[in-house]
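So you can see what is in the structure, the chains are spelled out below.
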Amino acid sequence: MNRIILVIALSVFISMPVLAQETKPVDKVLITNVNIFDGKSEKLTKSMSVLIEGNKIAKIGNDIKAPQGAHVIDANGRTMTPGFIDSHSHVMFQMSFGEAANSDEYYWAYVATKSAKLYLNSGFTTIREAAGNSFSLKKAIDSGIVVGPRIYPSGPMISQTSGHSDHRTDAQKSAMVANEPSTFMKYDMCQIADGRAEVLKTVREALRRGASQIKICVGGGTGSQADPLDVTQYTADEIRAAVEAAADWGTYVMAHVYNSKGIRRAIENGVKSIEHGNLVDEPTMKLMKTKGIWLSPQVIVYTYYPNGYTEDQKAKHDEAFAGIDNMFKIAKKIGFKKIAFGSDIITDATMLNRINEEFVHRTKWFSPAEILRQATSSSAELLALSGPRNPYPGKLGVIEEGALADILLINGDPLKDISILTKPKENLALIMKDGKIYKNTVNHYCPVIKAVTSTDDRENSFH
């Protein structure tokens, strides 16, 4: 009897089709019984169904019949949100300053592949890289070689000599007598450009590589050693040079700056997005509101000292942290709404693993619905300023028909308790980017996708 059962079992096993390690993604996915945060509303839309066809949301309704061949996922009352957007990320900078300065560009790249996967596993399906040579990483992700989020690359952060991009040390000679670029400049993570001609050339080089927007520095920073936070960097003409070169390509300039004088100089000369802005005063933020300028602030990066900071850098970091409360209070007072969501985490993969704590840090000033809007539709609106240089044409940051299918399913309701997002491993039940499922713990019959290329990737994605 046992032999008969064994023979039958073997014959069934032999007749079964052999699954390849990589198969074609499913073209249609229907998610049912889901409560939707659409990226804009104050409340969830309950008991809905969402049909994804290819890489877009095809239909949203109360009762959608599954098309033939579609894979159906019963969300069982989970919350659906758009994929999160980090509008100020540093996927290339997740190592200490000392390690970065003494590593070759290949090591930088290997570390970045791990960081890219971490962003996606945390629910960030899109990042705007605020500085760094992430062009090849973006290409590898888009080609399915590496797992990671969509990347809007800025290319190297650009500043004047003695500005925020100048990471030369006292061991290096003056640029007046020798050309000794820092490691960050050698690998095109940062660049120094002085005067209109150099700024134009540096911006155009970034655009040549595929920058979707340009990042310049118009004030001091905590990560650089030569420049206090109160200084103003770049003349009006140098800022206009960057803005004009970007505008000729249909895109915009974002500017690193903390102080009001630098912010005013930047926006008066065409900058569209202020990065940080911690020390802004009320009249300057009112000017930003009048001109429709974006504020791209961060909190979590100021809750720790990045690896390798000197005592002077720590003091500047504390100064920046102290200004956050006043900045957000001004924003609430004057009804400033153009606020994006970002982390600015650098030097520490351990902190990057805690990136979703940014959601909780903001609850001191904003409701969960406001924070989720910042991390979805608002940040998507900011990214769309790249116009024809947008590397991912289509609508991001919303759950609506025709939008790109970047979707999360969450165990629980983040509008009631946003802290559930700080445990993405446990509470992000499904992660979809561009219509492809990268994680699914809701059920287990979705196919393996092409982007998953290693044993480790399969173990950490869906089965």
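This structure is a prediction, so every number in the text was calculated from the model and none was measured.

*Asks:* In this structure, what is going on with the pattern of salt bridges? I would like to understand it.
*Replies:* Charged atoms that come close allow side chains of opposite charge to pair. Under the defined criterion, the tally for this structure stands at 22 salt bridges. Where D237 meets R196, a salt bridge forms, and the shortest distance between an N and an O atom there is 3.0 Å. Here D237, found in helix α7 (residues 236–248), pairs with R196, found in helix α6 (residues 195–209); they are 41 residues apart in sequence, far enough to count as distant. A salt bridge links R354 to E357; its shortest N-O distance comes to 2.8 Å. The class for R354 is partly exposed, based on a relative accessible area of 37%. For E357, a relative accessible area of 24% gives the class partly exposed. The structure contains a network of salt bridges with shared partners spanning R150, D406, D434 and K436.

*Asks:* Help me out: how do you make sense of the environment of N411 in this one?
*Replies:* Considering the arrangement of structural elements, one finds N411 in the loop between β15 (407–410) and α14 (424–427). Relative accessible area serves as the criterion here: at 23%, N411 is assigned to the partly exposed category. The sequence separation of N411 and N76 amounts to 335 residues, and the corresponding C-alpha distance is 9.6 Å. Apart from the residues within four sequence positions on either side, N411 is in contact with R78, I420, E426, N427 and A429. Looking at N411, its side chain comes within polar contact range of the side chain of R78, at 2.6 Å. From its side chain, N411 meets the backbone oxygen of E426 in a polar contact 3.0 Å long.

*Asks:* Help me understand the packing of helix α9 (residues 282–291) against helix α10 (residues 311–334), please; the structure alone is not making it clear to me.
*Replies:* In a packed pair of helices, the relevant descriptors are the angle between the two axes and the axis-to-axis distance. Where α9 contacts α10, the two axes come as close as 10 Å, and the packing angle between them is 55 degrees. In terms of their interaxial angle, α9 and α10 are classed as oblique. The hand of the α9/α10 crossing is right-handed. Residue-level inspection shows E282, M285, K286 and K289 of α9 in contact with α10, the latter providing M327, I330, A331, K333 and I334. Considered class by class, the residues forming the contact of α9 with α10 number five nonpolar, no polar and four charged.

*Asks:* Just checking my understanding: could you explain the pairing of strand β3 (residues 56–61) for this structure?
*Replies:* Remark: a regular strand shows side chains that alternate across the two faces of the sheet. In terms of strand pairing, strand β2 (residues 45–53) meets β3 through five bridges, oriented antiparallel. Bridge assignment links V50 to a residue of β3, and that residue is I60. Following β2, the chain reverses through two residues before pairing antiparallel with β3; G54 in that reversal takes a positive phi of roughly 65 degrees.

*Asks:* Looking at this structure, how should I read unusual backbone geometry?
*Replies:* A negative phi angle is the norm for most residues apart from glycine, just as the trans form is the norm for most peptide bonds. Of note, N76 is a non-glycine position whose phi angle comes to about 55 degrees, a positive value. Here N76 is to be found in the loop between β4 (71–74) and β5 (79–82). At H276, a position not held by glycine, the phi torsion is positive, near 85 degrees. Here H276 is to be found in strand β13 (residues 273–279).

*Asks:* I would appreciate a short explanation of the side chain of H276 in the present structure.
*Replies:* Classification of H276 by relative accessible area gives buried; the value is 2%. Polar contacts involving the side chain of H276 include one to the side chain of Q298, which spans 2.6 Å. One polar contact links H276 to Y302, side chain to side chain, over a distance of 3.3 Å. Those residues in contact with H276 that lie beyond four places of it in its chain are H88, H256, V257, Y258, L295, S296, P297, Q298, Y302, M327 and D344.

Criteria and thresholds
- Residues numbered from 1 in each chain as written.
- Predicted model: local features only at pLDDT ≥ 70, side-chain atom pairs only at ≥ 80, totals over all residues.
- Heavy atoms only, no water.
- Salt bridge = Lys/Arg side-chain N within 4 Å of Asp/Glu carboxyl O.
- Helix = DSSP H or I, 4+ residues; strand = E, 2+ residues; numbered from the N terminus.
- Buried < 20%, exposed > 50% of the residue type's maximum accessible area, 1.4 Å probe, protein only.
- Contact = heavy atoms within 4.5 Å.
- Polar contact = N/O pair within 3.5 Å; in protein donor to acceptor, adjacent residues only side chain to side chain.
- Axes fitted to C-alpha atoms, helices over the stretch in contact; angles between N-to-C directions.
- Parallel < 35°, antiparallel > 145°, perpendicular 65-115°, else oblique.
- Left-handed = near helix turned anticlockwise from the far one by under 90°.
- Nonpolar A, V, L, I, M, F, W, Y, C, P; charged D, E, K, R; others polar.
- Pairing = 2+ DSSP bridges.

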